[in-house]
Amino acid sequence: MEVANDFSKGSIPKTITRLAIPMIAAMLVNALYSVVDRIYIGHLDGVGKMALTGVGLCYPITLAVSAFSFLIGNGGGPLLSILLGKKDQRGAEKVLGNSLTLLVLLGIAVPAFCLWLRKPILYLFGASDVTYPYANAYITIYLMGSMAVMLTLGLNPFLNAQGYAKMGMMTVCIGAVCNIVLDPVFIFALHMGIRGAAIATILSQTVSAVWVLAFLLGKRNAIRIRIGNLALERKVVRRILGLGFATFIMNITEAAITAVFNASLKHFGGDLYVTVMTVATSVLQIIFMPLNGFAQGAQPVTGYNYGAKEYKRVKECFWFLVKVCGGYAALVWILVLLFPEPLIRMFNTDPALIRAAVPMFRIYFCMYVIMFLQMSAQNTFVAMGEAKKATFFAIFRKLILLIPLILILPRLGFGLPGVFAAEPVADTISAVTCFTVFLLTSYRKLDA
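Cut-offs and rules
- Residues numbered from 1 in each chain as written.
- Predicted model: local features only at pLDDT ≥ 70, side-chain atom pairs only at ≥ 80, totals over all residues.
- Heavy atoms only, no water.
- Axes fitted to C-alpha atoms, helices over the stretch in contact; angles between N-to-C directions.
- Helix = DSSP H or I, 4+ residues; strand = E, 2+ residues; numbered from the N terminus.
- Parallel < 35°, antiparallel > 145°, perpendicular 65-115°, else oblique.
- Left-handed = near helix turned anticlockwise from the far one by under 90°.
- Contact = heavy atoms within 4.5 Å.
- Patch = residues over 30% accessible without salt bridge, like charges linked within 9 Å, V, L, I, M, F, W, Y side chains within 5 Å.
- Areas by Shrake-Rupley, 256 points an atom, 1.4 Å probe, with all protein chains shown as cover.
- Salt bridge = Lys/Arg side-chain N within 4 Å of Asp/Glu carboxyl O.
- Lys, Arg positive; Asp, Glu negative; His and termini not counted.
- Charge placed at Lys NZ, Arg CZ, Asp CG, Glu CD.
- Nonpolar A, V, L, I, M, F, W, Y, C, P; charged D, E, K, R; others polar.
- Buried < 20%, exposed > 50% of the residue type's maximum accessible area, 1.4 Å probe, protein only.
- Core = buried A, V, L, I, M, F, W, Y, C linked by side-chain atoms within 4.5 Å.
- Disulfide = S-S within 2.5 Å.
- Expected span 1.5 Å × (residues − 1).
- Bend = angle between axes of the 7 residues up to and from the residue.
- Phe/Tyr/Trp six-rings, centres within 6.5 Å; stacked < 30°, edge-to-face > 60°.
- Lys NZ or Arg CZ within 6 Å of the ring centre and 35° of its normal.

Trainee: Run through the packing of helix H10 (residues 271-307) against helix H14 (residues 371-383), naming residues and quoting values.
Mentor: Describing two packed helices takes the angle between their axes plus the distance from one axis to the other. The N-to-C vectors of H10 and H14 enclose an angle of 30°; their axes lie 9 Å apart at closest approach. Accordingly, the angle class assigned to the pair H10 and H14 is roughly parallel. By crossing handedness, the relation of H10 to H14 is classed as right-handed. Of the residues in H14, those touching H10 at Phe288, Leu291, Asn292, Ala295, Gln296, Gln299, Thr302 and Gly303 are Met371, Phe372, Met375, Asn379, Thr380, Val382 and Ala383.

Below you can see the structure in the form of structure tokens.
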């Protein structure tokens, strides 16, 4: 049986674009889960601003759930691409089966742990007595149904890795459309408020999980789930976790960063600026998805050609990725800096919130343009199987640079703006360093 695509042939730009566009669409639609929830919640009569803050406080926990999903999916997916490049279909199916088992185990353990400690966690993340009831109402329901979230996010990369980018897009689109339809029903028509938003999200993710499982269990694709491959093998698990660890670190540290941001903002500015950060991260989710989607769309092509030792094509993948991501980042950067107010109004129209948010947006996003350097280099590290380098730069940006800057800059006389300025400072240092190291090390290996 032949695999879906032989990425060692044909036009690199056309192949990457064909894979990336559905992936970008899928990621954008996936972002709608939380963004649409926040838009509806932010417009609840009388309590919208505080309810929006409550959902923002839950964001680190939802990110943690996603991080464990990506640990498996973004480790197993690139590994599967490399094995397909080597024509090792049996090994690829073993990776898929082990990944499913790991997702189920984590889907039980992670939500149970978070439910047990949700109250101290939410207060640690910046909740107040006013905002905690909203945060607790949302996160309790979300965690009870988060197995579906983990299966959807963790298994979808295996569709993309086989070249089924459109099916991967459908996985997310089906759930997102359900969420958009169900949100107003549960939030407003059934008067369930913030609990309704969580129920709508979980029901929608369940539909997506059923879809992707049905596809991977079916006979349509060459690499599918088989019972004999579900038993965990140490070597396979180690390789999955090794490759997925960089993406896991990026997401789990994002959760830690959001928590540190919220705690610092509560100290220097109060609940209002926690809401500002909730809106800012919501906008960042939307504009970052095409950048991330295109970078991940290049991974199967890069990984396949690297496994097939087609190094000239690997270089072509990298430079095409740099050009496209750089152009997109520059365009979005200009638009956000020039027109922040319409973006803020999507979530809440409170005049005090808008006055506070506009100048902070311009600080927070002032160096977004440079992130294409890190996205291009880091995703190519992963595609080439260089997990240690990818992991280091994920840690470098988030833990070594950003968290200390969040804590230090406000205390060096910059005050509240210093909290928001930590992001662009860290982005600049990390992106330039990551890109430079890639060119001086991994890129040179391709000349051998």
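Here the narrative resumes.
Trainee: Tell me what's going on with a positive patch on the surface, and back it up with residues and numbers.
Mentor: Together, Lys86, Arg234, Lys235, Arg238, Arg239 and Lys309 line one region of the surface with positive charge. One can find Lys235 in helix H9 (residues 234-268).

Trainee: How would you sum up the packing of helix H2 (residues 48-85) against helix H6 (residues 146-161)? Please name residues and give values.
Mentor: Running from N to C, H2 and H6 cross one another at 20°; their axes reach a closest spacing of 8 Å. When the axes of H2 and H6 are compared, the pair comes out roughly parallel. Between H2 and H6 lies a crossing whose hand is right-handed. For the contact of H2 with H6, the class distribution of residues is 12 nonpolar, nine polar and no charged.

Trainee: Quick one: what's the story with the side chain of Asn379, residue by residue and with numbers?
Mentor: Structurally, Asn379 can be placed in helix H14. We classify Asn379 as buried; its relative accessible area is 9%. Residues within four places of Asn379 in sequence aside, it is in contact with Asn292, Ala295, Gln296, Gln299 and Gln374.

Trainee: Before we move on, can you summarise the nonpolar core with the specific residues and values?
Mentor: Judged by nonpolar contacts, the single largest core of 148 residues is most densely connected at Leu155 and Phe420. With sequence-adjacent residues up to four places away left out, Phe420 is seen in contact with Leu265, Tyr273, Val276, Met277, Met360, Ile363 and Tyr364.

Trainee: Explain the state of the cysteines residue by residue, including any values.
Mentor: The final tally for this structure, using the stated rule, is zero disulfides. For the unlinked cysteine Cys114, the closest cysteine sulfur is that of Cys58, found at 11 Å. With a relative accessible area of 8%, Cys114 lands in the buried category. Residue Cys317 stays outside any disulfide, its sulfur separated by 12 Å from that of Cys325, the closest cysteine.

Trainee: Quick one: what's the story with H10, residue by residue and with numbers?
Mentor: Over its 37 residues, H10 extends 50 Å from the first C-alpha to the last, a length consistent with the 54 Å expected when each residue adds 1.5 Å. For H10, the principal kink sits at Phe288 and spans about 40°; a proline, Pro290, occurs within the next four residues. With respect to burial, H10 is a largely interior element, 34 of its 37 residues being buried. A positive backbone phi angle near 65° is found at Lys309, which sits one or two residues after H10.

Trainee: Give a detailed account of the packing of aromatic side chains, specifying residues and quantitative values.
Mentor: Tallied over the full model, the rule gives 26 aromatic pairs. Arranged with centres 6.3 Å apart and planes meeting at 55°, the rings of Phe438 and Tyr443 form a pair that is tilted. Across this residue pair, the class does not change: Phe438 and Tyr443 are buried. Site record: aromatic cluster; members linked through ring pairs are Phe318, Trp319, Phe381, Phe392, Phe393, Phe396, Phe435, Phe438 and Tyr443. If you follow Arg38 out to its NZ or CZ, it ends over the ring of Tyr59, 4.6 Å from the centre.

So yeah, pure geometry; function would need other evidence.
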